Amino acid sequence: MRKSLGILLLLAAFAFYSNPTYIDFENKANELFHKELTQAAAKGNWGAKVAQFLGAQKLGALVLTIDREDYYLFSVATVTSNLNGQTMGYMLGVFGKVIPLQISAEALKAKE
């Protein structure tokens with residue numbers, strides 16, 4: 001029993017100290033923005049090609065807003081477009097990692 005409690009406390013302490021920061025979430029959002037732009041350009045999207053040529057992949061911080069909620073052992077972030085105010089997605093931060101979450105359109109409609 002004591003051993004289990006000790007392991008649980010150790011895990012909680014590790015989760016607390018390795019909880020990703022706002023900058024970690026921002027970097028992951030910018031990385032995903034760059035990836036999406038590159039994929040769209042590779043598929044022949046001329047708008048994406050022009051944006052890529054003009055260096056838009058470095059402007060993710062201007063195009064996206066990240067709202068991070070810290071729960072001490074983990075964090076949840078909402079990524080919103082600055083262009084139209086639409087929610088782009090959610091990210092979970094735990095144990096030093098930022099994980100993009102796929103949420104269905106039905107779940108978003110139910111939330112509103």
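Coordinates for the structure precede this section.
Residues numbered from 1 in each chain as written. Predicted model: local features only at pLDDT ≥ 70, side-chain atom pairs only at ≥ 80, totals over all residues. Heavy atoms only, no water.

### As for the layout of surface pockets
Taking a probe equal in size to a water molecule and rolling it over the atoms shows the remaining empty space. Selection criterion: Put simply, the grid is 1 Å and covers the protein atoms alone, a cavity is a trapped set of points that fit a 1.4 Å probe, a pocket is an open set with protein on both sides within 12 Å along at least five of seven lines, and lining residues have an atom within 4 Å of a point. Grid points are joined across faces, edges and corners, and a volume is the space filled by probe spheres set on the points. Think of it this way: any DSSP run of H or I at least four residues long counts as a helix, any run of E at least two long counts as a strand, and we number them from the N terminus.
Of the voids in this model, the largest pocket is the one considered here, and its volume is about 570 Å³. In this structure, the largest pocket is lined by 21 residues; those nearest its centre are Leu32, Glu36, Val79, Met88 and Gly89. Listing elements by their share of the lining of the largest pocket, those giving two or more residues are α2 (22-42), β2 (75-81), β3 (87-94) and β4 (97-101). With six residues, α2 is the largest single contributor of residues to the lining of the largest pocket.

### A few points about the sheet that holds β3
In plain terms, the rule: Note: two strands are recorded as paired if DSSP finds a minimum of 2 bridges between them. In this analysis an axis means a line fitted to C-alpha atoms, helices contributing only their contacting stretch, and an angle means the value between N-to-C directions, from 0 to 180 degrees. Contacts are assigned to residue pairs that have any heavy atoms within 4.5 Å of one another.
Spatially, β1-β2-β3-β4 is the arrangement adopted by the four strands of the open sheet, whose pairing is antiparallel. If you trace the sheet from one side to the other, it starts and ends with β1 (64-70) and β4, each paired once. Here the strands of the sheet are splayed against their neighbours by 25° on average, with no regard to which way each runs. The sheet contact formed by β3 and β4 spans five bridges and is antiparallel. Residue pairing across strands places Tyr90 opposite Leu101, the latter belonging to β4. Those strands touched by α2 are β1, β2, β3 and β4, and its axis lies near 145° from that of β1.

### Describing α2
Rules: Take the residue count of a helix, subtract one, and multiply by 1.5 Å to get its expected span. Each residue is assigned to one of three classes by its accessible area relative to the maximum for its type, calculated with a 1.4 Å probe on protein chains only: buried under 20%, partly exposed between the two thresholds, exposed over 50%. What the arc measures is the spread of directions leading from the helix axis to the C-beta atoms.
With 21 residues, α2 should reach 30 Å at 1.5 Å per residue; the first-to-last C-alpha distance of 30 Å fits that figure. Buried within α2 are the following residues: Phe25, Ala29, Leu37 and Ala41. The buried residues of α2 occupy an angular sector of 140° when projected down its axis, which confines them to one face.

### Details of the pairing of β1
Strand direction decides the pairing type here: β1 and β2, joined by seven bridges, are antiparallel. Its bridge partner lying in β2, Glu69 is registered against Val76. Hairpin geometry of β1 and β2 is characterised by an intervening segment of four residues between the two adjacent antiparallel strands and by a positive phi of about 70° at Tyr72.

### Regarding unusual backbone geometry
Positioned with a positive phi, Tyr72 is a non-glycine residue whose angle comes to about 70°. Take Tyr72: it is sitting in the loop between β1 and β2. The class for Tyr72 is exposed, based on a relative accessible area of 56%. In the Ramachandran plot, Phe95 falls in the positive-phi region, its phi being about 50° despite a non-glycine side chain. Turning to its location among the elements, Phe95 is positioned in the loop between β3 and β4. Using a relative accessible area of 37% as the deciding quantity, one classes Phe95 as partly exposed.

Any functional reading would require information beyond the geometric quantities listed.
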